[in-house]
Structure formats: C-alpha cells, structure tokens
Amino acid sequence: MGRIAGQFARVEPRRRAGRLVLGLLSDRPRKNCWTIAEWAGEASPHGMQHLLCRASWDADAVRDDVREYVVEHLHDQEAVLVVDETGDVKKGVHTVGVQRQYTGTAGRIENSQVAVYLVYAGARGHAAVDRELYVPRSWTCDHDRCKAAGLGEDIVFATKPELARTMIERFLDAGHRVGWIAGDEVYGGNPKLRSALEENGLGYVLAVACSAEVTTRAGKFRADTLAAKVPKRAWQKLSAGAGAKGHRFYDWAVIDLAEPGPGHRRLLIRRNRRTGELAYYRCHSTRLVPLTTLVRVAGSRWRVEETFQTGKGLAGLDEHQLRRYPSWACWVTLAMLAHAFLAVVRADEHTRPASDDLIPLTCNEIQHLFIALVVQPLSNVAHRLRWSEWRRRHQARSRTSHYRRQAATQT
C-alpha cells in the first residue's frame with residue numbers, strides 16, 4: 001500500500017483503500033462494498049462506495065504501480081505476456097459494457113460484462129499487470145448511455161485485439177521488455193495485432209482456428225490440411241509445463257511458413273496424446289528458435305487461466321457490484337493489487353529452502369496464513385447488530401421503491 005500511497009489526494013481514501021484491499025484478501029464468502037465495510041468495522045458501506053465512485057485518486061496510476069510491483073518482484077528474462085479475456089455474468093442492462101455475449105466463464109452466451117487482461121508470466125510466478133473493459137458497439141453507438149456509465153463522450157469501439165495491443169504497447173512504453181506474447185484464437189486470428197507485434201520486434205505464439213489459412217512453399221493451405229500431411233516421425237513428445245497433476249505432455253510438430261516479412265514464421269501443431277485432438281498456433285520470432293521454445297511459450301498461456309482462478313477466488317476480482325466504469329476500474333485495479341501481493345509473497349517464499357515432506361506455499365495457503373496471523377477485523381457483537389439493522393432498513397427502502405415503481409407501471 002505504501003507503493004500506491006502517492007496516488008491519493010487525501011489520507012482518508014488512502015486508508016480506506018488499504019482496508020478495502022485487506023477485505024479483498026479476507027475470507028468473506030462474498031466481497032462487495034457492503035460485506036467489506038462490515039468486515040472492516042465501518043458503520044455503513046457509504047465510505048467504501050465513495051472510495052470507488054467519487055474519491056480523488058487515479059486508478060490508472062495505481063494500475064501502473066501494480067505493473068511495476070509485479071515486474072520488479074517476478075522479473076524473468078524469459079517471461080511471457082499473456083493476453084486473454086474473462087467475463088462476469090450480470091443482470092440488467094445498466095452495468096457498463098453489459099450485453100448478451102459469449103463468456104468462457106459460463107461457457108455460453110449470457111448477459112455479461114467482458115474485460116481483457118494482460119498477465120506477466122515468468123518462472124517465479126504470474127499476475128495481471130493491465131486491464132481494459134470491452135465496450136460493445138451497442139454501447140459506443142449510444143453516447144447518452146456511455147455518458148451515464150462514466151465512459152465519456154469520446155469513447156469509440158475497440159475490438160479485443162485492439163485492447164490487447166493498447167495494453168502491450170503501454171507495457172513497452174513503460175520501459176519493459178519481453179520476448180514473447182501468447183494468446184488464444186481471438187488474438188491469433190487478427191492480422192493487425194500480429195503485424196503490430198512484429199513491428200515492435202516481439203515474438204508470439206498465438207492460437208488460431210483449424211480453418212486458418214497459411215502459406216508454405218508449396219502453396220496456401222488450411223491449418224488442419226497441413227496437419228494431416230505431417231509424417232509420424234515429425235511429431236515430438238514435449239511438456240508444455242507443469243500442471244497440478246504433473247507435466248502436461250503433448251505431441252508437437254512445426255511447419256515453416258513462406259509468408260512475407262522479416263523474421264521467422266511457423267505453424268505449431270499440438271496433438272493430445274490421449275484423444276488426438278489438435279490445436280494450432282501461428283508463431284513469429286526475430287531469430288530462429290528451437291521447437292522447445294515455442295512449446296514453452298504456448299504452455300505459458302495456461303498461466304492466465306490460473307491468474308483468473310486465483311484472482312477471482314482469493315481477491316474478489318469478479319465480485320464487484322458496480323455499474324459505472326470509474327468504479328469498475330477502481331475495484332478491478334485494487335483486486336489486481338491484492339492478487340499481485342499473494343503472487344509476490346509466493347515467489348519470495350519459494351526461494352527459501354523447504355522441508356521435503358511439505359509442498360511449497362500456495363497462494364491459497366498464504367491467504368489463510370495472512371488472515372490468521374496478520375489481519376484483525378472488527379467483529380464485536382454490537383457492530384454486527386448495527387449492521388443487521390442497517391441492512392434490513394436498506395432492504396425495506398428498496399422493497400418500498402420497487403413496489404411504487406411496479407404500481408406506477410401497472411397504472
């Protein structure tokens with residue numbers, strides 16, 4: 001919290017932000033302004049809501065501090081930037097960016113809000129260093145709706161690959177360098193993003209669909225057509241990295257492409273050793289690299305899923321109940337900071353010698369220890385009774401307002 005203290009104009013919001021971050025790291029089953037304010041010993045949620053909606057502090061500057069914190073502590077010469085999106089299922093139509101759209105969280109089309117994240121993944125650990133909210137065309141075409149949600153009148157539609165490019169360039173403009181970018185088909189299928197990465201001298205391993213067309217010296221082919229032509233001796237069994245149940249072994253093959261432009265372009269093919277299912281990746285590197293390097297970068301993409309899982313499960317990344325964009329940016333940024341703290345502590349603990357009969361500390365275990373040994377929330381009986389009365393009074397007002405609106409609609 002000391003690293004971000006300078007981004008707050010007053011001491012009161014700075015201290016409350018600290019309590020909010022501690023609340024995000026707490027063991028509350030649900031984390032929002034109500035539950036965290038009660039946990040922190042405050043008389044009502046108004047202070048937390050004020051912090052996220054109206055207090056004077058720069059969420060983007062804090063985001064930059066989070067990036068510097070992560071890179072400083074998790075720095076790795078072979079780190080990979082992984083870009084991916086995640087969705088939060090929402091009700092209603094007023095939450096910023098919400099519409100019926102596909103979200104991997106639900107595995108189907110749902111009324112949801114989607115954001116794109118940039119994750120720094122190295123050997124010491126991984127954490128999100130940037131975020132951008134995906135605002136659909138249904139929003140950007142309605143300026144009044146955008147203004148009401150705090151987006152501003154100058155908002156323009158940007159695709160997910162364009163948001164990814166913005167975050168990657170922001171990372172580079174801050175003076176940081178990485179050698180590789182990884183992402184799924186949404187980003188691998190976008191030629192403009194690939195060209196931008198090549199112009200910046202970045203290598204990439206981006207997933208593409210089986211129908212993606214690539215050019216070899218023998219002509220242009222679909223990716224799945226080329227995979228069918230790969231001889232048996234060309235497949236190599238390699239690990240894509242360690243998972244929860246050991247190394248993830250797949251069969252891999254690589255095909256050189258004859259597409260114009262500097263650098264080396266190849267098609268990487270992954271085959272599941274049990275089911276035979278195939279996955280395809282477009283690859284680019286400024287210099288020729290071995291297959292093992294491409295496989296390592298492709299395997300790094302799973303780090304983003306782990307980041308989403310721990311960020312949501314331990315730091316409340318998806319539990320915000322906020323409608324306007326400034327509030328969303330504040331909440332998500334502080335949740336990124338909370339998760340980055342866990343990732344950094346984990347990385348530091350893994351440098352210490354451990355007992356042979358104990359696994360290294362996980363983010364989950366670090367959170368449990370942090371709550372038990374460090375955090376001391378206020379939870380006396382009188383405080384709990386006051387909050388019970390406050391909730392019931394607020395719910396009564398909400399019910400009365402709902403009935404009035406319902407009666408007015410029926411008449």
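On a predicted model such as this, the values are computed, not experimentally measured, just so you know. (Residues numbered from 1 in each chain as written. Predicted model: local features only at pLDDT ≥ 70, side-chain atom pairs only at ≥ 80, totals over all residues. Heavy atoms only, no water.)

1. Concerning the overall build of the protein chain
Within the protein chain, the regular secondary structure consists of 15 helices and 12 strands. For the protein chain, whose C-alpha radius of gyration is 24 Å, the value lies close to the compact-globule estimate of 22 Å for 411 residues. With the C-alpha coordinates aligned to their principal axes, the bounding extent of the protein chain is approximately 75 × 65 × 40 Å. Within the protein chain, the fraction of its 411 residues that count as buried is 49%. Summarising the internal contacts of the protein chain: among those between residues at least 6 apart in sequence, 62% fall at separations of at least 24. Of the charged side chains in the protein chain, 61 are positive and 45 negative, and the gap between their average positions amounts to 5 Å. (Helix = DSSP H or I, 4+ residues; strand = E, 2+ residues; numbered from the N terminus. Rg over C-alpha atoms; globule rule 2.2 N^0.38 Å. Buried < 20%, exposed > 50% of the residue type's maximum accessible area, 1.4 Å probe, protein only. Contact = heavy atoms within 4.5 Å. Lys, Arg positive; Asp, Glu negative; His and termini not counted. Charge placed at Lys NZ, Arg CZ, Asp CG, Glu CD.)

2. Digging into the packing of helix α1 (residues 11–24) against helix α3 (residues 46–53)
Running from amino to carboxyl end, α1 crosses α3 at an angle of 105°, the nearest separation of the two axes being 10 Å. Accordingly, the angle class assigned to the pair α1 and α3 is roughly perpendicular. Taken together, the residues of α3 that come into contact with α1 (itself represented by P13, R16, A17, R19 and L20) are G47, M48, L51 and L52. The residue inventory of the contact of α1 with α3, partitioned by class, reads 6 nonpolar, 1 polar and 2 charged. (Axes fitted to C-alpha atoms, helices over the stretch in contact; angles between N-to-C directions. Parallel < 35°, antiparallel > 145°, perpendicular 65-115°, else oblique. Nonpolar A, V, L, I, M, F, W, Y, C, P; charged D, E, K, R; others polar.)

3. Remarks on the pattern of salt bridges
Applying the stated rule across the entire model yields 24 salt bridges. One salt bridge connects D251 with R271, and the closest N-O pair in it is separated by 3.1 Å. Of this pair, D251 sits in strand β10 (residues 246–256) while R271 is found in strand β11 (residues 264–271), placing the two residues 20 residues apart along the sequence. Classification of R271 by relative accessible area gives partly exposed; the value is 26%. One salt bridge connects D251 with R273, and the closest N-O pair in it is separated by 2.5 Å. One end of the pair, D251, is in strand β10; the other, R273, is in the loop between β11 and β12 (278–285), and 22 residues separate them in sequence. By relative accessible area, R273 is classed as partly exposed at 46%. (Salt bridge = Lys/Arg side-chain N within 4 Å of Asp/Glu carboxyl O.)

4. Overview of the packing of aromatic side chains
Taken as a whole and judged by the stated rule, the model has 9 aromatic pairs. A ring pair is formed by W252 and Y281, whose centres lie 6.3 Å apart and whose planes are at 35°; its orientation type is tilted. Of this pair, W252 sits in strand β10 while Y281 sits in strand β12; the two residues are 29 residues apart in sequence, bridging distant segments of the chain. Its relative accessible area of 0% is what places W252 among the buried residues. Through successive ring pairs, a cluster of aromatic residues spans Y250, W252, Y281 and W302. Here R145 stacks its cationic end above the ring of W139, 3.8 Å away from the centre of that ring. Looking at K160, its charged tip hangs above the ring of Y134, at a distance of 5.1 Å from the centre. (Phe/Tyr/Trp six-rings, centres within 6.5 Å; stacked < 30°, edge-to-face > 60°. Lys NZ or Arg CZ within 6 Å of the ring centre and 35° of its normal.)

5. Comments concerning the packing of helix α4 (residues 59–74) against helix α13 (residues 325–349)
Put simply, α4 and α13 touch, their axes get as near as 10 Å, and they point 15° apart. As far as their axial angle goes, α13 and α4 are roughly parallel. Regarding α4 and α13, the two cross each other, and that crossing is left-handed. When α4 is examined against α13, the residues A59, V62, R63, V66, Y69, V70, H73 and L74 are found in contact with a partner set consisting of A329, C330, T333, M336, L337, A340, F341, A343, V344, A347 and D348. (Left-handed = near helix turned anticlockwise from the far one by under 90°.)

6. Examining α13
Between its terminal C-alpha atoms α13 stretches 36 Å, which fits the 36 Å expected from 25 residues at 1.5 Å a residue. Summarising burial for α13: 19 of the 25 residues are buried, a large majority. (Expected span 1.5 Å × (residues − 1).)

7. Notes on the nonpolar core
In terms of nonpolar packing, the biggest core is built from 111 residues, with Y120 and W252 touching the most fellow members. Here this core takes 16 residues from α13, the largest share from any one element. W252 has contacts with A234, W235, Q236, L238, A240, L268, I269, R270, Y281, L291, V295 and A298, leaving out every residue within four places of it along the chain. Residues A223, A227, W235 and L257 belong to the second largest nonpolar core, which totals 14 residues. (Core = buried A, V, L, I, M, F, W, Y, C linked by side-chain atoms within 4.5 Å.)

8. Some remarks on the pairing of strand β1 (residues 80–89)
Among the 10 residues that make up β1, 9 are buried, leaving the element largely enclosed by the rest of the structure. Where β1 meets strand β3 (residues 108–121), 10 bridges bridge the pair, whose relative direction is antiparallel. Bridging across to β3, D88 finds its partner in Q113. Of the pairings in the sheet, the one linking β1 to strand β5 (residues 180–183) comprises 4 bridges and is parallel in character. (Pairing = 2+ DSSP bridges.)

9. Overview of the pairing of β10
Here strand β9 (residues 236–243) runs beside β10; their pairing, made up of 6 bridges, is antiparallel. Across the sheet, the residue bridging to K237 is D251, located in β10. Taken together, the 6 bridges between β10 and β11 define a ladder with antiparallel strand orientation. What sits directly across from A253, in β11, is I269.

10. What to know about a nonpolar patch on the surface
Taken together, the side chains of L369, L373 and V374 make up a nonpolar region of the molecular surface, amounting to roughly 290 Å² of accessible area. Topologically, L369 is positioned in helix α14 (residues 363–373). (Patch = residues over 30% accessible without salt bridge, like charges linked within 9 Å, V, L, I, M, F, W, Y side chains within 5 Å. Areas by Shrake-Rupley, 256 points an atom, 1.4 Å probe, with all protein chains shown as cover.)

11. Some remarks on the environment of Y325
Examined against the element boundaries, Y325 turns out to sit in helix α13. Residues Y325 and G97, 228 residues apart in the sequence, show an inter-C-alpha distance of 8.5 Å. Those residues in contact with Y325 that sit more than four places away from it in its chain are V96, L133, A149, G150 and L151.

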